[in-house]
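# Inside the fold
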Amino acid sequence: QVHVVESGGGLVQAGDSLRLSCAVFGSFLSIDGMSWYLQPPGKERELVASITTGGNVRYVDSVKGRFTISRDNGLMTAYLQMNSLKPDDSGRYYCNVGWLGRGGPKGGYWGQGTQVSVSS
């Protein structure tokens, strides 16, 4: 089984920075792609950033230049460095982990999320 645990969220002011962590635990040899999703209050979950096992990254336009996704394959951990935070970045951030060819919002494994609140 794959267990996903997010951490690093908090209540910050606009312009501040946060670094989210996504740690993966369980019985496995390796994992596939890792992604960060944002679910604003009352809205659907949406993809923010993704990274492949080879280190290729993609971002939603609204966070380009401000957010950086990275991963440490040895530690089985992904990170989301969030700079210049805006109120629109607020919501619950979830980590999605691909394993055994299963990934994405339907087939991947989810954590419980970590809350980010950005005040103006």
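My aim in this report is to walk through the structure given alongside it, one point at a time. (Residues numbered from 1 in each chain as written. Predicted model: local features only at pLDDT ≥ 70, side-chain atom pairs only at ≥ 80, totals over all residues. Heavy atoms only, no water.)

## Considering the layout of surface pockets
Reported here for the largest pocket is a volume of approximately 230 Å³. Lining the largest pocket are 16 residues, and of these Leu 38, Glu 46, Ser 62, Asp 88 and Asp 89 sit closest to its centre. Sort the elements by how many residues they give to the lining of the largest pocket and strand β5 (residues 46-51) lands first, with three residues. Classifying every residue of the lining of the largest pocket by side-chain character gives eight nonpolar, two polar and six charged. (1 Å grid on protein atoms, 1.4 Å probe; cavity = no way out; pocket = protein on both sides within 12 Å on 5 of 7 lines; lining within 4 Å. Points joined across faces, edges and corners; volume = space filled by probe spheres on them. Helix = DSSP H or I, 4+ residues; strand = E, 2+ residues; numbered from the N terminus. Nonpolar A, V, L, I, M, F, W, Y, C, P; charged D, E, K, R; others polar.)

## Regarding the state of the cysteines
Defined simply, a disulfide is a covalent bond joining two cysteines at their sulfur atoms. Under the defined criterion, the tally for this structure stands at one disulfide. Sulfur-sulfur distance for the disulfide between Cys 22 and Cys 95 comes to 2.0 Å. Taking the torsion about the sulfur-sulfur bond, which here is approximately -80 degrees, the covalent link between Cys 22 and Cys 95 counts as left-handed. Linking Cys 22 in strand β3 (residues 18-26) with Cys 95 in strand β9 (residues 91-97), this pair joins segments that are 73 residues apart in sequence. Grouping residues by exposure puts Cys 22 and Cys 95 together as buried. (Disulfide = S-S within 2.5 Å. Buried < 20%, exposed > 50% of the residue type's maximum accessible area, 1.4 Å probe, protein only.)

## What about unusual backbone geometry?
The backbone phi angle of Ser 84 is positive, close to 50 degrees, even though this residue is not glycine. By the secondary structure assignment, Ser 84 is in the loop between β8 (77-82) and β9. Taking the relative accessible area as the measure of exposure, Ser 84 reaches 40% and is therefore partly exposed. Here Leu 100, not a glycine, exhibits a phi torsion of approximately 55 degrees, which is positive. Relative accessible area serves as the criterion here: at 64%, Leu 100 is assigned to the exposed category.

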